[in-house]
Amino acid sequence: MQFIVDKYLKGDKVIWAIIILLSLFSIIMAYSSSSNLAYRLMDGNATPYLIKHTFVIVIGILLIIYLQFFNYKYFSRISQLGIYVSVVLLLLTLLFGVNKGNASRWIMGFQPSDFAKVMLILYVSRMIIVKKNDLHDFKKGLVPVLWPVFLVCGLIFPADFSTAALLFVVCFILIFVAGAKIKHLFSIIGGVIGVVLLLITINMIVPGLLPRVDTWTSRIENYNSGDPQENYQAEMAKRAVATGYLQGKGPGNGIVKNNLYSAQSDFIFSSSIEEFGSILGGLGLILLYLILLFRAVKIMAKSGQKFGGYIAFGLGFMLVFQALINMSVGVNLIPVTGQPLPLISMGGTSILFTCMSIGIILNVSRTVYKENES
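Residues numbered from 1 in each chain as written. Predicted model: local features only at pLDDT ≥ 70, side-chain atom pairs only at ≥ 80, totals over all residues. Heavy atoms only, no water.

(A) Region of interest: the side chain of Arg-366. Take Arg-366: it is sitting in helix 14 (residues 349-373). Judged by its relative accessible area of 19%, Arg-366 falls in the buried class. Within the structure, the side chain of Arg-366 is placed 3.1 Å from the backbone oxygen of Gln-68, a separation counted as a polar contact. When residues no more than four places from it in sequence are discounted, the contact partners of Arg-366 are Lys-10, Gly-11, Gln-68, Phe-69 and Phe-70. (Helix = DSSP H or I, 4+ residues; strand = E, 2+ residues; numbered from the N terminus. Buried < 20%, exposed > 50% of the residue type's maximum accessible area, 1.4 Å probe, protein only. Polar contact = N/O pair within 3.5 Å; in protein donor to acceptor, adjacent residues only side chain to side chain. Contact = heavy atoms within 4.5 Å.)

(B) Just helix 13 (residues 307-330), in detail. Compared with an ideal rise of 1.5 Å per residue, which puts 24 residues at 34 Å, helix 13 spans 35 Å between its outermost C-alpha atoms and is within 8% of the ideal. Counting buried residues along helix 13, 22 of its 24 residues qualify, which places the element largely inside the surrounding structure. One or two positions beyond helix 13, positive phi appears at Asn-332, with a value near 65°. (Expected span 1.5 Å × (residues − 1).)

(C) Quick look at the packing of helix 6 (residues 112-130) against helix 7 (residues 138-156). Running from N to C, helix 6 and helix 7 cross one another at 170°; their axes reach a closest spacing of 9 Å. The angle between helix 6 and helix 7 falls in the class roughly antiparallel. Residue-level inspection shows Ser-113, Ala-116, Leu-120, Tyr-123, Val-124, Met-127 and Ile-128 of helix 6 in contact with helix 7, the latter providing Pro-144, Val-145, Trp-147, Pro-148, Val-149, Val-152, Cys-153 and Ile-156. Among the residues forming the contact of helix 6 with helix 7, the class breakdown is 14 nonpolar, 1 polar and no charged. (Axes fitted to C-alpha atoms, helices over the stretch in contact; angles between N-to-C directions. Parallel < 35°, antiparallel > 145°, perpendicular 65-115°, else oblique. Nonpolar A, V, L, I, M, F, W, Y, C, P; charged D, E, K, R; others polar.)

(D) The arrangement of the nonpolar core in detail. Leu-120, Val-124, Ile-128, Val-152 and Ile-175 are the most contacted members of the largest nonpolar core, which totals 89 residues. Considering each element in turn, this core owes the most residues, 13 residues, to helix 13. Here Val-124 is in contact with Val-145, Val-149, Cys-171, Leu-174 and Ile-175, once residues within four sequence places are set aside. Judged by nonpolar contacts, the second largest core, of 8 residues, contains Met-236, Ala-237, Ala-240 and Phe-267. (Core = buried A, V, L, I, M, F, W, Y, C linked by side-chain atoms within 4.5 Å.)

(E) Structural detail: the state of the cysteines. Going through the model one piece at a time under the given rule, you end up with 0 disulfides. Considering cysteine sulfurs only, Cys-171 is the nearest to Cys-153, which forms no disulfide, with 5.8 Å between them. Here Cys-153 falls in the buried class, since its relative accessible area comes to 7%. By relative accessible area, which is 0% here, Cys-171 ends up buried. (Disulfide = S-S within 2.5 Å.)

(F) Geometry of the environment of Trp-147. Relative to the helices and strands, Trp-147 resides in helix 7. Note on Trp-147: relative accessible area 35%, which makes it partly exposed. Sequence-distant contacts of Trp-147, that is, excluding residues within four places in its chain, are made with Tyr-84 and Tyr-123. Engagement of the side chain of Trp-147 in a polar contact is seen with the backbone oxygen of Pro-144, the distance being 3.3 Å.

(G) Structural context of helix 7. Along helix 7, the sharpest change in direction is near 35° and occurs at Pro-144. Along helix 7, the residues that are buried comprise Gly-141, Leu-142, Pro-144, Val-145, Leu-146, Pro-148, Val-149, Val-152, Cys-153, Leu-155 and Ile-156. Looking at where helix 7 begins, the residue whose side-chain oxygen comes 3.1 Å from the main-chain nitrogen of Lys-139 is Asp-137. (Bend = angle between axes of the 7 residues up to and from the residue.)

(H) Just the side chain of His-53, in detail. By secondary structure assignment, the location of His-53 is in helix 4 (residues 47-67). A polar atom in the side chain of His-53 sits 2.5 Å from the side chain of Ser-26. If we ignore the near neighbours within four places in the chain, the residues touching His-53 are Ser-26, Ile-27, Ala-30, Ile-344, Ser-345, Met-346, Gly-347 and Ile-351.

(I) Representation of the pattern of salt bridges within the structure. Enumeration over the complete set of coordinates arrives at 3 salt bridges. Of the charged contacts in the structure, one is a salt bridge between Lys-117 and Asp-114, with a shortest N-O distance of 3.7 Å. A residue pair is termed a helical-turn pair when its members lie 3 or 4 positions apart in one helix, as Lys-117 and Asp-114 do in helix 6 at 3 residues. Owing to a relative accessible area of 8%, Asp-114 belongs among the buried residues under this scheme. (Salt bridge = Lys/Arg side-chain N within 4 Å of Asp/Glu carboxyl O.)

(J) Inspection of the packing of aromatic side chains at higher detail. Inspection of every chain in the model, using the stated rule, returns 10 aromatic pairs. Three or more aromatic residues link up through ring pairs in this structure, and these residues are Tyr-66, Phe-70 and Phe-75. (Phe/Tyr/Trp six-rings, centres within 6.5 Å; stacked < 30°, edge-to-face > 60°.)

(K) Inspection of the environment of Asn-259 at higher detail. Relative to the assigned elements, Asn-259 resides in the loop between helix 11 (232-244) and helix 12 (268-303). For Asn-259, a relative accessible area of 39% puts it in the partly exposed group. Look past the residues within four positions of Asn-259 in its chain and what remains in contact with it is Asn-36, Tyr-232, Gln-233 and Met-236.

So this is what it looks like as structure tokens:
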């Protein structure tokens, strides 16, 4: 056993412990929370979903192990090509992707925004290093770092506002940590908020002109109204949280999940609390994600202001921020966003690219720890 750990589980061992705990918990929750999906599509048989999800998790862990042995500096070169591939894929998705709910997010069973999130953070981290001495200058330093952020987020924005907003915030936090001037960043954020408000105003003047804006505003209105009929999913999620108490009903004994359309994805945190309780299924999960963020920050601190440190922090912050958004939806703190819970929610591309992000973080930690030992 020790031989396997030493040979294959490189880098930060605390992060590896978190990966194993979340993966095992994910398999349990995937089988339990997919009951609604199974009854609608598989005559009540949830086993195919369990097998598929377990297979994806295993492939994801193998991907993490594989990525550990790269020299992380190669990711700088990869990001230069990856950012353009991301733009092409996002354009193709907008034009030819599968349309669902007035949004085109998928193309050939693949969600390009997941790929774009990783590539953008790698590319921004690279540009931070390239423009490190000019970041205080808006034109010479900040604009070259920001243009890919606006381009990628702008292409994601029409179909997936929450993902675009999440990625935008993560990149800005990363640029802020690198030393950009706060006044420059606040001025840009003000401009972005102004554009969003302008789109909402235009859609109010000409109803139906921007269908996705209708979706955003209806979610916010339904959330604010508190009407159980309009907010059925959120009401069911709150009931799951309320009936879970401290200890929960036990694995597989949840009831509310049967009435939750997205119990295996958007509301998996609610199902977790119902079955495992507020302590283990709620606070326990939050603690694991916060420890992951802490370890990513520690890796950045040990690496100094280098490319590896920035990608470790950027990817770690993105995963934890996404997790907190999903959890906030699950307990009805914010409107439904559609963000999965990393490594827990069912999904193919989202799990694989989450594992890619973690593999890169472990790659950096392995290199940093070896350098410190030397």
